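Breakdown of the fold
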Amino acid sequence: MPEQSHEPEGAIAGTGMGGGIDLATSEAATLEKTPGGPQGTGPAAKPRSLWSDAWRDLRRNPVFVVSALVILFLLVISVRPSLITSGNPLQCELARSQEGARAGHLFGFDGQGCDVYTRTVYGARASVTVGVCATLGVALLGSVLGGLAGFFGGAWDAILSRTTDVFFAIPVVLGGLVLLSVVTSNTVWPVVGFMVLLGWPQISRIARGSVITVKQNDYVQAARALGASNSRILLRHIAPNAVAPVIVVATIALGTYIALEATLSYLGVGLKPPSVSWGIDISAASPYIRNAPHALLWPSGALAVTVLAFIMLGDAVRDALDPKLR
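This section reports on the structure supplied with the text. (Residues numbered from 1 in each chain as written. Predicted model: local features only at pLDDT ≥ 70, side-chain atom pairs only at ≥ 80, totals over all residues. Heavy atoms only, no water.)

So, the overall build of the chain
When helices and strands are tallied, the chain shows 12 helices and two strands. When the helices and strands of the chain are listed from N to C terminus, the series reads β-β-α-α-α-α-α-α-α-α-α-α-α-α. For the chain, the accessible surface area stands at approximately 18,300 Å², while carbon and sulfur atoms represent 64% of it. (Helix = DSSP H or I, 4+ residues; strand = E, 2+ residues; numbered from the N terminus. Areas by Shrake-Rupley, 256 points an atom, 1.4 Å probe, with all protein chains shown as cover.)

Here is the structure:
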């Protein structure tokens, strides 16, 4: 009988191509136990959460990268507009009214002789401030009210549902014309307050539905059976798992609020001079669009790019957080 060789187990691993590679048993075990192994599938691999998976997908999404870079640039110039312009948006010379582009003034001048480039840069501050503050206020108020209604139900849920129906029946632009027409302040806060007042019902319904879905999961029922308080269940178990739809809707709505601020300012009830806003500049440039189209083109283009960037960001976040799209 031919003599059989006794090789140490796992010492030789076939390559499937007529050859072999040395692989000690300890090395194989080490490779198997490496977190994730080569592909992140080892038995000791740490399971990824929804947020880590979403962040991984977002980093690979060119739509998210481009929109995030545009938004980052807008945030920087909103805080420090002097980084890219040294002009004063309120310094105007009537002698240069409606002049086109020239050296040192790339966007030309508007009807009052103000530098369009400087006013376009400074206009980002008002629009971004209104959009961010309104989104934070709407998300906070709507999430709290909707989350509590979805968790407790009963009369509180019924009252909130009927209240949101009333607010949904109010046209946003018409409501702005009525409510803001009596405001004389030149700051952004009346506009932000109006948007929060009429914007929270949408977020509240999203939060309510998400909480109702999450609270039926087994881990929530187990926490309740173990004697966890309502506040602990809400903060530790429901809120982290129900907040994703709210983030998606709020991110998309941010661009809508920026466009709404420009619309109200264009109609004369939003921000008012001497405040610098894209809506104010668009309104001022509309009467002489044939003679000086550049005065209308640049603030309109900046507004369109900003709104598009936030909508694209919201779409990318939605795709990353929605398990059905994976």
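Observations regarding unusual backbone geometry
The omega angle of the peptide bond from Pro273 to Pro274 is 10°, so this bond is cis rather than trans. Structurally, Pro274 is set in the loop between α10 (244-267) and α11 (278-285). In this structure, Gln98 takes a positive phi of about 65° despite not being glycine. Here Gln98 shows up in the loop between α3 (62-79) and α4 (116-152). Given a relative accessible area of 28%, Gln98 falls into the partly exposed group. (Buried < 20%, exposed > 50% of the residue type's maximum accessible area, 1.4 Å probe, protein only.)

Details of the packing of helix α8 (residues 218-225) against helix α9 (residues 230-242)
Two elements in contact, α8 and α9, have axes separated by 10 Å at closest approach and are oriented at 165°. Overall, the two elements α8 and α9 adopt an arrangement that is roughly antiparallel. Classified by chirality, the crossing of α9 by α8 is right-handed. Contact with α8, carried on its side by Tyr219, Val220, Ala223 and Arg224, involves Asn230, Ile233, His237, Ile238 and Asn241 of α9 and no other residues of that element. A per-class count over the contact of α8 with α9 returns five nonpolar, three polar and one charged. (Axes fitted to C-alpha atoms, helices over the stretch in contact; angles between N-to-C directions. Parallel < 35°, antiparallel > 145°, perpendicular 65-115°, else oblique. Left-handed = near helix turned anticlockwise from the far one by under 90°. Contact = heavy atoms within 4.5 Å. Nonpolar A, V, L, I, M, F, W, Y, C, P; charged D, E, K, R; others polar.)

Comments concerning the state of the cysteines
Enumeration over the complete set of coordinates arrives at one disulfide. Cys92 shares a disulfide with Cys114; S-S distance 1.7 Å. Here Cys92 and Cys114 share a disulfide; its torsion about the S-S bond, 80°, makes the bridge right-handed. With Cys92 in the loop between α3 and α4 and Cys114 in the loop between α3 and α4, the pair connects residues that are 22 residues apart, well separated along the chain. Judged by its relative accessible area of 32%, Cys92 is partly exposed. (Disulfide = S-S within 2.5 Å.)

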